[in-house]
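# Coordinate analysis (summary)
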Amino acid sequence: MSENPILEARSLTRYFTVRAGGGGRRHKRLVRAVEDVSLSLRPGRVTAVVGESGSGKSVLARMLARIVTPTSGELLLDGRQIPLGTKRGLDYARQVQLVLQDPFASMNPVHLVRHNLERALLIHGATRESLPARLASAMTRVALTPPEGFLDRFPHELSGGQLQRVSIARALCVEPKVLLADEPVSMLDVSVRLGVLNLVRSLADDDRMATLYITHDIASARYITDETIVMYAGQVVERSNGVTLIDEPAHPYTQLLIASVPDPADPTSVAARNTADEAARQGVADVGCRFAPRCPSAMEMCRSAEPPSFAVGADHESKCWLHRDGAVATPVRVASHEGDPRA
Amino acid sequence: MNVLEVRDFSVEYGLEEAAVHAVRHVDLDVPRSSVLGIAGESGSGKSTLVYGFTRLLRWPGVVAGGSAVLRVLDEDGTESEFDLLAASERELRSIRWSEISIVLQSALSALNPVRRIAKEFDEVLRVHSSGLDRSARRARAVELLDMVGLDEDRLDRFPHELSGGQRQRIMIALALALDPQLVIMDEPTTALDVVTQREIVDQLFELRQRLGFAMIFITHDLSLLVELANEIVVMYAGEIVERASAEEIYAAPRHPYTLGLINSFPPMHGERCELVGLPGAPSDLAHLPTGCSFHPRCAWAMEVCKTASPKAQPVGDTGRLVACWLHDGIHEVPVELRRSVPQRQPL
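Residues numbered from 1 in each chain as written. Chains lettered and ligands numbered in written order. Predicted model: local features only at pLDDT ≥ 70, side-chain atom pairs only at ≥ 80, totals over all residues.

### Overview of the overall build of chain B
The criterion, for reference: Strands are runs of DSSP state E lasting at least two residues, helices are runs of H or I lasting at least four, and both sets are numbered from the N terminus onward. The globule rule is 2.2 Å times the number of residues to the power 0.38, and the radius of gyration it is compared with is taken over C-alpha atoms. Exposure criterion: with C-beta atoms placed from backbone coordinates, a residue whose C-beta has 20 or more other C-beta atoms within 10 Å is buried, one with 12 or fewer is exposed, and one in between is partly exposed.
Across its full length, chain B holds eleven helices and twelve strands. Computed over its C-alpha atoms, the radius of gyration of chain B comes to 21 Å, within 12% of the 20 Å expected for a compact globule of 347 residues. Along the longest, intermediate and shortest principal axes, the C-alpha atoms of chain B span 70 × 50 × 40 Å. Looking at chain B as a whole, 45% of its 347 residues qualify as buried.

Shown next as structure tokens:
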């Protein structure tokens, strides 16, 4: 924990302006995709960001990779301030590598795997002579052996799991310090997911990689993470060291998220039901807590004032008014399953 | 009392030499008002199987053999058999949607993007229940939307104006519009996030209890199935490798593939430890290994597995079927594959 962060984000914020409405009703609307998110990525640690689609987690990853320019905030690499803007310079790109969800879309389909990897190396100034050795070592690292068996194939000749390993190898071959993995396993078959997750974990353990693991699959986050962040509507609503927030969720949104995960191991698990009606659920509140329209414990103040983050335990904070006195709230259990649904 | 009986059913893509055997000799029974789960990875043939017996397969997919019978319960309580594979297009039209309906994975591509939602409901009701006039059809559409928890004003929206969850609810409402006896759900929640998935699954079960239709639920998410299905079949490379009740499958899997699949899901509780799951990648249907298709990935593969394909046979006395040489009564069953089924604690 004491180690200095390699990549640090302070209050990263990104707003998008979209044109909404049709016909004569055209007007501009502000989408607050990511707001005031701070995080530190340290060597050898996996930080998991969990959230639903639309929670801003991918925009966050793209800001960290400097593909999307933050509206405001600071980015520090190795303690040095990085100017905002997407003119990122090769050195930043070499040190901070992004792996995306769909390996088929992130490889050039008309070139061999070898070309896809060599290109990354050549752009970053590798000499032609060094290529074979560096390719072989990257491919070996992701357990695609023998490397020749995979390098001289086209992306479509590999399975999703193999190709995702190739895209991780491509990120690794330039020897980055930070790996940003945006839903790296969600498109893969169930049986090959674990292998890729184990690989991400071992890159942190054995190669001291600072890793950001973005996912909507809480169980997979629990499996590999050292620090967990839950995002809702562009904001961090809960964060904790390790998996504390998954085992003992404090924020009502995290509780809802975790209660929704199918869990056959726990027959007493409580099904989350939303009392708020469908229309109300769609909107994210503009004032007050963004989760208030969906929150089963929403109070008067939640609709008027946005809560700050409160400490709810050691290395565990929750952005919820329920925790303003430092009290750890008892889990709010929503309507229970009435009997067995199969009955 | 089964609403659907499928026997020795096979589907191929392509013809003769070049054929890919996507579904091989599958038997399936769906008891009335029950939920059958089909689990398997992509390429295991689970969608091809249902497209096969519902006659929705497109060329080059061909039903290569077997039978599929739908038992339709008439209003007076008598059952009539409907041979799905022999039926003409005209006869099929008489049972499609009204007796057997399907909800597809991608609700965005299943709804016509340039039509308002009302039109989708209006069309199916106009074509299939001719007795209704325009206002009665509208009223029925409102009633159906209400059933899945949506407001009437959604009827006048276009699909792109609705969220993924709302679109999937509309697909479910459409599938139920004519009160079918069997509803097939092909990965209905895969594209949705976990909270929306939970809401839709709860809704489906409430509806099923109320309306009494039978359901085939296809997904790769075994933990979801264990929660909802009465019975689960696990498919691998086009074959059913194990069939048992949901509790038995989860607590005491008998086939090595089922065990590996269950171990591939990191748990939500308990100590964290490194999981292995399944080695290797799913078999390529165009180049299937000899013998048992799973043997190259199986930790317990024996000589016989490489040469002869195991037949599904009963294991235990609960109707469970397993296609694995380990359970032939001669070989010793590894301890992992003979866990006992825990008695359900009364809640």
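### Describing the overall build of chain A
This is how the line gets drawn: By the criterion used throughout, residues are in contact when their C-beta atoms, derived from the backbone, lie within 7 Å.
When helices and strands are counted, chain A shows eleven helices and twelve strands. When contacts within chain A are restricted to residue pairs at least 6 apart in sequence, those whose partners lie at least 24 apart make up 63%.

### A short note on the interface of chain A and chain B
The following threshold applies: Each residue receives one of three labels: charged for Asp, Glu, Lys and Arg, nonpolar for Ala, Val, Leu, Ile, Met, Phe, Trp, Tyr, Cys and Pro, and polar for the others, Gly being one of them.
Taken together, the contact pairs 35 residues of chain A with 39 residues of chain B. Within the residue set of the side of chain A that touches chain B, elements represented by two or more residues are α6 (160–172), α7 (190–207), α8 (218–224), α10 (252–260) and α11 (278–282) of chain A. The greatest single-element share of the side of chain A that touches chain B, amounting to six residues, is contributed by α7(A). Looking at side-chain class alone, the side of chain A that touches chain B contains 15 nonpolar, eleven polar and nine charged residues.

### A closer look at the domain arrangement of chain B
All names here are of chain B. Under the convention used in this document: Residue ranges for the domains originate in an automatic or database domain assignment.
Domains assigned within chain B are domain 1 (2–229) and domain 2 (256–338). Relative to domain 2, the C-alpha centre of domain 1 lies at a distance of 30 Å. The interface of domain 1 with domain 2 comprises seven residues on the first partner and six residues on the second. Considering every element that reaches the side of domain 1 that touches domain 2, the biggest residue donor is strand β2 (residues 20–31), with three residues.

### Thoughts on the domain arrangement of chain A
As a measure of interface size, the accessible area lost when the parts come together is often cited. Taken domain by domain, chain A comprises domain 1 (7–19 + 28–232) and domain 2 (249–343). Taken together, the residues of the side of domain 1 of chain A that touches domain 2 of chain A sort by class into four nonpolar, no polar and no charged.

### Section: the environment of Ala177(B)
Residues and elements named next belong to chain B. Mapping Ala177 onto the fold places it in the loop between α6 (164–175) and β7 (182–186). The class for Ala177 is buried, based on 23 C-beta atoms found within 10 Å. When the C-alpha atoms of Ala177 and Ala141 are compared, they prove to be 8.0 Å apart, with 36 residues separating the residues in sequence.

### Focus: the pairing of strand β9 (residues 231–236) of chain B
Residue and element names in this part refer to chain B. Which entries qualify depends on this criterion: By the convention used here, strands pair only if DSSP detects at least 2 bridges between them.
In terms of burial, β9 is a largely internal element, six of the six residues being buried. Of the two faces of β9, the one lined by Glu231, Val233 and Met235 and the one lined by Ile232, Val234 and Tyr236 are each fully buried. Pairing analysis gives four bridges linking strand β3 (residues 35–39) to β9, with the strands arranged parallel. Looking across to β9, one finds that Ala39 is bridged to Val234. Looking at chain direction, β9 and strand β10 (residues 239–245) are connected through six bridges and run antiparallel. Counterpart to Tyr236 in the pairing with β10 is Glu239. The loop that links β9 with its antiparallel partner β10 comprises two residues; one of these, Ala237, has a positive phi angle of about 50 degrees.

### As for the sheet that holds β2(B)
All names here are of chain B. The criterion, for reference: The convention used is that axes are lines fitted to C-alpha atoms, helices contributing only their stretch in contact, and that angles between N-to-C directions extend from 0 to 180 degrees.
Read from one edge to the other, the open sheet built from four strands follows the order β2-β1-β4-β5, with strand pairing classed as antiparallel. Looking at which strands have only one partner, the edges of the open sheet turn out to be β2 and β5 (79–83). Each adjacent strand pair in this sheet contributes to an overall mean axis angle of 10 degrees, direction not counted. One ladder, built from five bridges, connects strand β4 (residues 61–73) with β5; its direction is antiparallel. Each bridged residue has a counterpart across the sheet, and for Arg71 the counterpart in β5 is Glu81. Each of β1 (2–13), β2 and β4 is contacted by helix α1 (residues 46–53), which is oriented at about 110 degrees to β1, the strand it contacts most.

### A short note on α6(A)
Put simply, the rule is: For a helix, the expected span equals 1.5 Å multiplied by the residue count minus one.
Spanning 13 residues, α6(A) covers 18 Å between terminal C-alpha atoms, matching the ideal 18 Å at 1.5 Å per step. The buried fraction of α6(A) is high, at 13 of 13 residues.

### Focus on helix α7 (residues 194–211) of chain B
The terminal C-alpha atoms of α7(B) lie 25 Å apart, and with 18 residues this matches the ideal 26 Å at 1.5 Å per residue to within 8%. Of the residues making up α7(B), those classed as buried are Val194(B), Val195(B), Thr196(B), Gln197(B), Arg198(B), Glu199(B), Ile200(B), Val201(B), Leu204(B) and Arg208(B). Against the buried residues of α7(B) lie α10 of chain A together with α6, β8 (214–219) and α8 (222–228) of chain B. With its phi angle positive at about 75 degrees, Gly212(B) sits one or two positions after the end of α7(B).

### What about the packing of α10(A) against α7(B)?
Rules: Just so you know how the angles are binned, under 35 degrees is roughly parallel, over 145 roughly antiparallel, 65 to 115 roughly perpendicular, and the rest oblique. Crossing chirality is assigned from the near helix's rotation relative to the far helix, an anticlockwise turn below a right angle marking it left-handed and a clockwise turn marking it right-handed.
Between α10(A) and α7(B), the least distance of the axes is 8 Å, while the angle of their chain directions is 55 degrees. By the angle class used here, α10(A) and α7(B) are oblique. Pair α10(A) / α7(B) crosses with left-handed handedness. In this structure, α10(A) uses Leu256(A), Leu257(A) and Ser260(A) to contact α7(B), whose residues at the interface are Val194(B), Val195(B), Gln197(B) and Arg198(B). Of the residues assigned to the contact of α10(A) with α7(B), the class counts are four nonpolar, two polar and one charged.

### Observations concerning the sheet that holds strand β10 (residues 235–241) of chain A
The strands making up a sheet are joined through hydrogen bonds of the backbone, oriented either antiparallel or parallel. All names here are of chain A. Read from one edge of the open sheet, eight strands run β6-β7-β8-β3-β9-β10-β12-β11, paired in mixed fashion. Strands at the two margins of the open sheet, each flanked by one partner only, are β6 (96–99) and β11 (310–313). Strand-to-strand twist in this sheet, taken as the mean axis angle between neighbours without regard to direction, amounts to 20 degrees. As defined by bridge partners, strand β3 (residues 46–50) adjoins strand β9 (residues 227–232) across four bridges and the pair is classed as parallel. Of the residues in β9, the one forming a bridge with Thr47 is Glu227. Contacting β3, β6, β7 (178–182), β8 (210–215) and β9, helix α1 (residues 57–64) runs over the sheet at an angle of about 155 degrees to β8.

### Some details on the confidence of the model for chain B
To be explicit about the condition: Per residue, pLDDT captures the predictor's confidence, and it can take any value from 0 to 100.
Predicted confidence across chain B gives a mean pLDDT of 90, with 98% of residues reaching 70 or more. On the interface metric, ipTM, the complex scores 0.83, and its pTM is 0.87.

### Digging into the nonpolar core
Where we set the bar: Among buried residues, those of type Ala, Val, Leu, Ile, Met, Phe, Trp, Tyr and Cys that are joined through C-beta atoms within 7 Å form a set called a nonpolar core.
One finds Leu60(A), Leu64(A), Ala169(A), Leu180(A), Leu212(A) and Tyr213(A) to be the most contacted residues of the largest nonpolar core, which totals 97 residues. The biggest single contributor to this core is α7(A), with seven residues. Formed jointly, this core draws a minimum of three residues from each of two domains, domain 1 (7–19 + 28–232) and domain 2 (249–343) of chain A. Contact partners of Ala169(A), with chain neighbours within four places excluded, come to Leu117(A), Ala138(A), Met139(A), Arg141(A), Val142(A) and Leu144(A). Judged by nonpolar contacts, the second largest core, of 92 residues, contains Val11(B), Leu28(B), Ile172(B) and Cys292(B).

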